[in-house]
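For reference, the chains in residue letters:
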Amino acid sequence: MKNIVSIIGARPQFVKAAPVSRKLREKFTEILVHTGQHYDTNMSDVFFKELGIPEPDYNLGVGSGPHGEQTGKMLIEIEKVLVKEKPNLVLVYGDTNSTIAGSLAAAKLHIKVAHVEAGLRSFNREMPEELNRVVTDHLSDLLFCPTGSAVENLKKEGIVEGVFNTGDVMYDAVLSNSKILTSGRREEVLKTYQLKPKTYLYATVHRPVNTDNPQNLKNIFEALAESGETVVLPIHPRTRKAISDQQLSVVNYPAIKLIDPVGYRENLILMENAKKVLTDSGGIQKEAYFLKVPCITMRDETEWVETVEDGWNILTGADKNKILKAVK
């Protein structure tokens, strides 16, 4: 039986790995490596428990840090695992530093690489995620694309071998977990936050393009505050730090209900009951799309172009007026 090392490290990868890992283990030996990129309990442990992801065989505990430092630490530790385990294949997901570190470590050891969510492009090379996607795709032997446009993107870059349009495993995750949720659980979550269905906006902000730019972050919070709606916003650790560093007084925005990061199923409940979703996350865009909730993406571009083409997603960047117009 072949050995497969699966490398994960961040929330979107936990969601994708849950359904894939279950199927892999029916035929293969999977060795699960958690880089520790997301290490906060609410951003990591809760997803393993809730989604039934097996306990990682290795937890590298890399933690946060500048891109180069974080990726470098991951490379060192992943290489040690691969030398020890000698897998037939390394499986990576998405577009994080865990993704690029895993694919680089494997390729340099001449181990085949498989990339789940291959072929996505925002065509913005200033985004670290875009660089991670491109390099990982060009290192991969098996490229599992979620959409037809992703296949076309790879073809334009000369990648045609080992390319498969498999559909989106995030859709599998949304479907399976939505079926599990009872009406009682849904009511419990809404009651916890004193909410009623379709009476609020659900927002997430965590991309460096917004959190590390004081004007962008201020514009977003002002737009949410002036939307005329109650806004529920789970606060990402990076965003919390940015608010503190930039001395952004959130008490000036009483309409924004800041809550701790939530688990996957709670996130689904809060999204499906929202009037609209506002985000700079790639994963949240797709989850909103699958749940048929209109989405406003506070970025200038998206790798999920189908959501825009289908009219479910509007790109506003961090432009306050554009955000307010989209909310109305």
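Asks: Describe helix 15 (residues 320-327), with residues and values.
Replies: Since the α-helix advances by 3.6 residues per turn, residues separated by three or four positions end up pointing in the same direction. Listed in full, the buried residues belonging to helix 15 are Ile323, Leu324, Ala326 and Val327. When helix 15 is viewed along its axis, its buried side chains cluster within an angular range of 160° and face the same direction. Among the exposed residues of helix 15, those pointing more than 90 degrees away from its buried face are Asn321 and Lys325. Check the buried side of helix 15 and you find it contacts strand 8 (200-204), helix 10 (214-225), strand 11 (276-279), strand 12 (295-297) and strand 13 (313-315). Regarding helix 15, its N-cap is Asp319, as a side-chain oxygen of that residue lies 3.0 Å from the backbone nitrogen of Asn321 further along.

Asks: How would you explain the packing of helix 3 (residues 67-85) against helix 4 (residues 97-108) if you had to name every residue and give the values?
Replies: Packing of helix 3 against helix 4 brings their axes to within 8 Å, and their N-to-C directions diverge by 45°. Accordingly, the angle class assigned to the pair helix 3 and helix 4 is oblique. In terms of crossing hand, the pair formed by helix 3 and helix 4 is right-handed. Between helix 3, through His67, Gln70, Thr71, Met74, Leu75, Ile78, Glu79 and Leu82, and helix 4, the contact on the second element is made entirely by Asn97, Ser98, Ile100, Ala101, Gly102, Leu104, Ala105 and Ala106. Class assignment of the residues belonging to the contact of helix 3 with helix 4 gives a composition of 9 nonpolar, 6 polar and 1 charged.

Asks: Account for the side chain of Asn216, with residues named and values stated.
Replies: Within the fold, Asn216 resides in helix 10. What makes Asn216 buried here is its relative accessible area of 18%.

Asks: So what about the sheet that holds strand 3 (residues 58-59)? Which residues, and what values?
Replies: Spatial strand order, 3-2-1-4-5-6-7: 7 strands in an open sheet with parallel pairing. The outermost strands of the open sheet, each flanked by one partner alone, are strand 3 and strand 7 (163-165). Set on the sheet, helix 1 (residues 11-24) makes contact with strand 1 (3-8), strand 2 (29-34) and strand 4 (89-93); between it and strand 4 the angle comes to about 145°.

Asks: I'd like to hear about the pairing of strand 1, residue by residue, with values.
Replies: For strand 1, a buried count of 5 out of 6 residues is recorded, marking the element as mostly surrounded by other parts of the structure. Taken together, strand 1, helix 1 and strand 2 form a β-α-β motif whose crossover is right-handed. For strand 1 and strand 4, the ladder comprises 4 bridges, and the chain directions are parallel. Among the inter-strand pairings, Ser6 is bridged to a residue of strand 4, identified as Leu91.

Asks: Just give me the short version of the sheet that holds strand 13, but keep the residues and values in it.
Replies: Two pairing modes exist for strands in a sheet, parallel and antiparallel, and in both the strands are linked by backbone hydrogen bonds. Sheet architecture is open: 6 strands sit in the order 10-9-8-11-12-13, paired in parallel fashion. Two strands bound the open sheet, and with one partner strand each, they are strand 10 (256-259) and strand 13. Adjacent strand axes in the sheet meet at a mean angle of 20° when their direction is disregarded. Pairing of strand 9 (residues 230-234) with strand 10, which is carried by 4 bridges, proceeds in the parallel orientation. Of the residues in strand 10, the one forming a bridge with Val232 is Lys257. Here helix 10 sits on the sheet in contact with strand 8, strand 9, strand 10 and strand 11, set at roughly 120° to strand 10. Across the sheet, helix 13 (residues 282-290) lies against strand 8, strand 11, strand 12 and strand 13, angled at about 165° from strand 11, the strand it touches most.

Asks: Describe the pairing of strand 4, naming the residues involved and giving the relevant values.
Replies: Most of strand 4 is tucked away: 5 of the 5 residues are buried. Neither face of strand 4 is exposed, since Leu89, Leu91 and Tyr93 on one face and Val90 and Val92 on the opposite face are all buried. Across 5 bridges, strand 4 lies against strand 5 (residues 112-116) in parallel orientation. Opposite Leu91, over in strand 5, you have Ala114 as the bridge partner. Each parallel crossover has a hand, and for strand 4 linked through helix 4 to strand 5 it is right-handed.

Asks: Describe in detail unusual backbone geometry, supporting the description with residues and values.
Replies: Its identity as a non-glycine residue notwithstanding, Lys86 has a phi of 50°, on the positive side. Relative to the elements of secondary structure, Lys86 occurs in the loop between helix 3 and strand 4. When its relative accessible area of 63% is taken as the criterion, Lys86 is described as exposed. Unusually for a residue other than glycine, Glu117 sits at a positive phi of about 85°.

Asks: Break down the nonpolar core for me, with residues and values.
Replies: Counting residues in each nonpolar core, the largest one holds 45 residues, and the members touching the most others are Leu91, Tyr200, Tyr202, Tyr264, Leu270, Met271 and Val277. Looking at which element gives the most residues to this core, the answer is helix 1, with 6 residues. In contact with Val277, not counting residues within four places along its chain, are Tyr202, Met271, Ile284, Ala288, Val293, Pro294, Cys295 and Ile296. Listed in part, the 24 residues of the second largest apolar core include Leu224, Ile256, Ala326 and Val327.

Asks: Describe the packing of aromatic side chains, and please don't skip the residues or the numbers.
Replies: Under the defined criterion, the tally for this structure stands at 6 aromatic pairs. Ring geometry for Phe144 and Phe164: centres 6.0 Å apart, planes at 35°, overall tilted. Residue Phe144 is located in strand 6 (residues 142-145), and its partner Phe164 is located in strand 7; the two are separated by 20 residues in the primary sequence. Linked through ring pairs, Phe14, Phe47 and Phe48 together constitute an aromatic cluster.

Calculation criteria
Each residue is numbered by its place in its chain's sequence as written, counting from 1. Given that this is a predicted model, residues contribute local features only at a pLDDT of at least 70 and side-chain atom pairs are listed and counted only at 80 or more, while totals for whole chains, interfaces and linings are drawn from all residues. Only hydrogens and water are set aside; all other atoms, that is, all heavy atoms of the structure, feed into the side-chain values. Exposed residues in this analysis have more than 50% of their type's maximum accessible area, buried residues have under 20%, and partly exposed residues fall in between, with area computed by a 1.4 Å probe over protein chains only. Here a helix means four or more residues in a row that DSSP labels H or I, a strand means two or more in a row labelled E, and each is numbered from the N terminus. The arc in question is the one traced by the directions running from the helix axis out to the C-beta atoms. In what follows, residue pairs with any heavy atoms lying within 4.5 Å of each other are defined as contacts. Whenever two N or O atoms come within 3.5 Å, that pair is a polar contact, provided that in protein one can donate a hydrogen and the other can accept it, and provided that, for residues adjacent in sequence, both atoms are side-chain atoms. All axes here are fitted lines through C-alpha atoms, helices being fitted over the stretch that makes contact, and every angle between N-to-C directions spans 0 to 180 degrees. Roughly parallel covers angles under 35 degrees, roughly antiparallel covers those over 145, roughly perpendicular covers 65 to 115, and oblique covers all other angles. Throughout, a crossing is termed right-handed when the near helix is turned clockwise from the far one, and left-handed when it is turned anticlockwise from it by less than a right angle. Each residue receives one of three labels: charged for Asp, Glu, Lys and Arg, nonpolar for Ala, Val, Leu, Ile, Met, Phe, Trp, Tyr, Cys and Pro, and polar for the others, Gly being one of them. DSSP-based pairing: two strands are paired if at least 2 bridges between them are found. By convention a crossover is right-handed if, when the strands point away from the viewer, the path from the first strand over the helix to the second runs clockwise. What we call a nonpolar core is a set of buried Ala, Val, Leu, Ile, Met, Phe, Trp, Tyr and Cys residues that are connected through their side-chain atoms within 4.5 Å. Planes of paired rings set the category: under 30 degrees apart is stacked, over 60 is edge-to-face and the rest tilted, where pairs are Phe, Tyr or Trp rings (Trp by its six-membered ring) whose centres lie within 6.5 Å.

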